[in-house]
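Residue-level structural notes
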Amino acid sequence: MATAILVASGQLEADLGRVTLIGELALDGTLRPIPGAMALVAAARGTDIVEAIVPVENGPESAAVGGVDVRPAACFSQVVRHLAGLAELELLEPGETSRGSSPRVDAPDLASVIGQTVGRRALEIAITGRHNLAFVGPPGVGKTLLARAGAGLLPSLAQDEAAEVSRIHSVAGVADPHVPMSPWPPFRAPHHTISMQALVGGGPRVRPGEASLAHRGVLFLDETLQFRTDALDALRGPIDAGTVLITRVDGILALPARFMLLAAFNPCPCGWFGVDRRECRCEDGARRRYQARLSGPMRDRLDLVIPLDPGVRWFAHGVAETTAIVAARVAAATDAQRTRQGRSNAELAPGDLTAEHGFGAPLLDLLELRGRQMGLSLRRLHRAARVARTIADLAGSSHVASEHLDEALQHRPKELAA
Amino acid sequence: MIGVGAGPSPMTGALRASERECWVALSLVPGIGPAGFAHIVRRHGTAAAAWTAGPNGLESIGRLGPGAKDGLATLRREGARSVVRRLTERTAQAGGRIVTGLDDDYPLALRTLDPRPPTLFVAGDGTALTERAVAIVGTRRASGYGLATATDLGDELARAGIVVVSGLALGIDGAAHRAAVNAGGRTVAVLPSPLNRVYPPRHRGLARDIVRGGGVLISEVAIGAPVGRPDFARRNRIIAGLSEAVVVVEAPDRSGALLTAAAAITIGRELYAVPGQIDAQAARGCNRLIADHEAVIVTSVGGLLRQIGLTRDRKPPAVNTLSEVEAQVLQRLLDRSGSIEELVDRTHQPPASVASALTLLEARGLVNTFGGATFHPTLGARRLGGVI
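The rules we used
Numbering of residues starts from 1 in each chain and follows the order in which that chain's sequence is written. Just so you know, chain letters begin at A and ligand numbers begin at 1, following the order they were written in. Thresholds applied to this predicted model are a pLDDT of at least 70 for local features of residues and 80 or more for the giving and counting of side-chain atom pairs; totals over whole chains, interfaces and linings are not thresholded and use all residues. Values reported for side chains reflect all heavy atoms of the structure, with hydrogen atoms and water molecules removed beforehand. Simply put, an axis is a line fit to the C-alpha atoms, just over the touching stretch for a helix, and the angle between two N-to-C directions goes from 0 to 180 degrees. For helices the rule is a DSSP run of H or I covering at least 4 residues; for strands it is a run of E covering at least 2, with both sets numbered from the N terminus onward. If an angle is under 35 degrees, it is roughly parallel; if it is over 145, roughly antiparallel; if it lies from 65 to 115, roughly perpendicular; otherwise it is oblique. Whether two residues are in contact is decided by their heavy atoms, any of which lying within 4.5 Å being enough. The pairing test for Phe, Tyr and Trp rings, Trp by its six-membered ring, is centres within 6.5 Å, and the orientation test on the planes gives stacked under 30 degrees, edge-to-face over 60, and tilted for anything in between. Throughout this description, the term charge over a ring refers to an Arg CZ or Lys NZ atom that lies within 6 Å of the ring centre and within 35 degrees of the ring normal. In this description, a nonpolar core means a group of buried Ala, Val, Leu, Ile, Met, Phe, Trp, Tyr and Cys residues linked to one another through side-chain atoms lying within 4.5 Å. When accessible area is computed with a 1.4 Å probe and restricted to protein chains, residues below 20% of their type maximum are described as buried, those above 50% as exposed, and intermediate ones as partly exposed. DSSP-based pairing: two strands are paired if at least 2 bridges between them are found. In a left-handed crossing the near helix is turned counterclockwise from the far helix by less than a right angle, and in a right-handed crossing that turn is clockwise. Confidence of the predictor at the level of single residues is captured by pLDDT, which takes values from 0 to 100.

To continue, consider the packing of helix α2 (residues 19-27) of chain B against helix α6 (residues 80-93) of chain B. Residue and element names in this part refer to chain B. It is the contact of α2 with α6, at a shortest axis distance of 9 Å, that shows an interaxial angle of 75 degrees. As summarised for this structure, α2 and α6 are arranged roughly perpendicular, according to the angle between their axes. Taking contact as the criterion, the partners of Glu21, Cys22, Val24 and Ala25 in α2 are, on α6, Ala80, Arg81, Val84 and Leu87.

As structure tokens, then:
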């Protein structure tokens, strides 16, 4: 606006039609960074605008957009001199923020997880197909460690996905200025005291919540049952639709939020229910009340629920597979999904259970049989079928076989006995 | 409280009431338990005489608990006939009927109790109360082992044609009832609450299934009786009374199931207890019953059946042949229950194979987790034990 005044009052002669000026002007004339600069530059791309002048701090993310010349400026006088043609601002090359140079998110290596072969397997399946996974087990069993190791398994994002994620992070003001367009999917782990608004987004100036910040990545809710139940329930919409809808007086705003839910919690207040050779001191009612903190509809949306127990022999398993080995399998199976259907298996619709996607008639018959034998809902069977598709992808199989389905079904959420 | 300010004038109502009506009305007086009731009726000759004697006649006996006087006054104001008519209606609405110690269908097993519950409220097929019955009781803080054992016992007893009696509580009780219903057997649930308020509420569905399966819900508590703590002690006495034997499956110290065990000893029923690990809190009550020679130890389901004079249903279930991994997993579970992780360790099979094998075994009803991490073989699997 200051620039417009200068131009309009004739103090500065410049063509503002092809330039966009982004930033907050401080009283002393310096330019302050703003959240969402990247989104604004991205919006400018494809219009007449060829040049963006941005605060220095917003430079790298803005340049990463490409297609628009980005010139960072430290203060207003630099901007004026540049526009007047007195001293040209330096052009920031998009190449300086080359993709793939950034390190992968900091995650514990799977090799450091002792035992838990079933948990590791489930993590591999869930990350590959982007299925919602919960680890349930007593304190100290390694739920959190295993879940965090999942961050290291996430395959890199496609260019357009990375741009989408970066824009959201830029708007929220959480983008790392030094890594403007990280190819690695986000792994968000909000604390359980988080408010509903902070989890799903909203507020007077709409800000993306953790659900959106985890878009294309993982939303890890450690101690899931300690979260506010209204906050947990608010995740149902985004889990189903992949977007957060925020209704306001002036309309409905949709923020992308297609995340994989990773949950971890104790099976009961004392933590030891169901673990052989250890005693649970909780009453049946207390166990049920505790588990009911995750509502039925939310439980329905979990694809894999893995009870973890301390196992029998901790130090007799030899060296476990490293993250690098498992991540390679995950990446290959992720490519298989992209090639077949252009999206993850978690996004398969019920109508996609067809031969084209590897679901033959015998398998669908088995699906129906298991449903009747085990008293499972149609929704549960659909979810199990998607997980089975991922297990087949990990096995390099174009067809989903009965053992894939049975493995998937084993990891369904189980109700406490009546 | 029953009938405040409704009904005909006290005298006409009271005078025309029958012995049965007076009996029911008298049993509704708060503070008069089975012992007090028996004493009063013995003193006055009949319930009608006691009822007519009024508060002074009853007070002289000196056995009335607190609240009895007011309660009696309220009931007398409405009149026995009206009180019983309304209670009969409300009981019928809950699907039940009133059975008094005067009636022919009063359970034979309870007739010999002294004192016996004067009035019962029964829903379902009353013939279930005339057959051979065994009680299965235990803790609400049940372990997977306890639930598996209660399920096995309930299933086997039901298949052998024995009525399974229990208290409909969460945990062991519920598992025993459910197993009997699922096996197509009959089971009797003795409620600590009125018929229209199934306690615990979570077991409402189970209560419905029990009645549908030809079983019975029975309670000593009248509909509309003052809401207090559910009366577990009196409930437990009826459980023991209805059964020829009581099996305590899993009970920590001070468990309610131990009260049922004590009642069984007092009224002369056979008492059995399932042993548990010596370091398990949940098994301390059972282990002590065995150590103190108060209960006979149950070492196997078949052994218990033999001890109460039954032969076991040996028909193996129709199960197709199992794959190698499935058979291996099941064999390990028959050796000892365990989690998937342990089974991976014990079979040296990959987690994927063990998981899919377990699903198939679950689908065929050969293993069960009861919602926990540990897999237990079912009775069907044990019967199959010799085959694989």
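What follows concerns the packing of aromatic side chains. This model, assessed by the stated rule, comprises three aromatic pairs over all chains. Plain terms: the ring middles of phenylalanine 187 of chain A and phenylalanine 220 of chain A are 5.9 Å apart, the flat faces sit at 40 degrees to each other, and that makes the pair tilted. Here phenylalanine 187 of chain A is found in strand β7 (residues 187-188), whereas its partner phenylalanine 220 of chain A is found in strand β10 (residues 218-222), with 33 residues between them in sequence. Here arginine 76 of chain B stacks its cationic end above the ring of tryptophan 51 of chain B, 5.9 Å away from the centre of that ring. Arginine 116 of chain B extends its terminal NZ or CZ atom over the ring of tyrosine 106 of chain B, reaching a point 5.4 Å from the ring centre.

All right, on to the nonpolar core then. Grouped together as the largest cluster of nonpolar side chains are 67 residues, with contacts concentrated most on Leu133, Phe135 and Leu262 of chain A together with Leu358 of chain B. Ranked by the residues each element gives to this core, the list is headed by helix α16 (residues 378-394) of chain A, at eight residues. Excluding residues within four positions of it along the chain, leucine 358 of chain B makes contact with Gln410 of chain A together with Val329, Leu333, Ile340, Leu343, Val367 and Phe375 of chain B. The next biggest cluster of nonpolar side chains, apart from the first, holds 37 residues, and it includes Phe37, Ala47, Ile98 and Ala123 of chain B.

For the rest of this paragraph, the subject is the sheet that holds strand β4 (residues 51-55) of chain A. All names here are of chain A. Strand order in the open sheet made by the three strands is β1-β4-β5, with parallel pairing throughout. Taken across any chain shown, the strands that pair with only one partner, and hence form the sheet edges, are β1 (19-21) and β5 (69-73). Each neighbouring strand pair of the sheet contributes to a mean axis angle of 20 degrees, computed without reference to strand direction. Note: β1 against β4, three bridges, orientation parallel.

All names here are of chain A. For the pair helix α5 (residues 117-129) and helix α14 (residues 323-341), interaxial distance at closest approach is 9 Å and the crossing angle is 35 degrees. Here α5 and α14 pass one another in a crossing that is right-handed. Taken together, the residues of α14 that come into contact with α5 (itself represented by Glu124, Ile127, Thr128 and Gly129) are Val326, Arg329, Val330, Ala333, Thr334 and Gln337.

Residue and element names in this part refer to chain B. Per-residue pLDDT for chain B averages 86, and the proportion of residues at 70 or more is 89%. Between residues 1-14, whose pLDDT stays under 50, and residues either more than four places distant or in other chains, the model counts 27 contacts. Across the interfaces of the predicted complex, the ipTM metric reaches 0.79, alongside a pTM of 0.72.

A few words now on the sheet that holds strand β13 (residues 260-265) of chain A. Residue and element names in this part refer to chain A. The strand order across the open sheet formed by five strands is β7-β10-β13-β6-β14, and the pairing between neighbours is parallel. With one partner strand each, in any of the chains shown, β7 and β14 (304-307) form the two edges of the open sheet. One ladder, built from four bridges, connects strand β6 (residues 133-136) with β14; its direction is parallel. Bridging across to β14, leucine 133 finds its partner in leucine 304.

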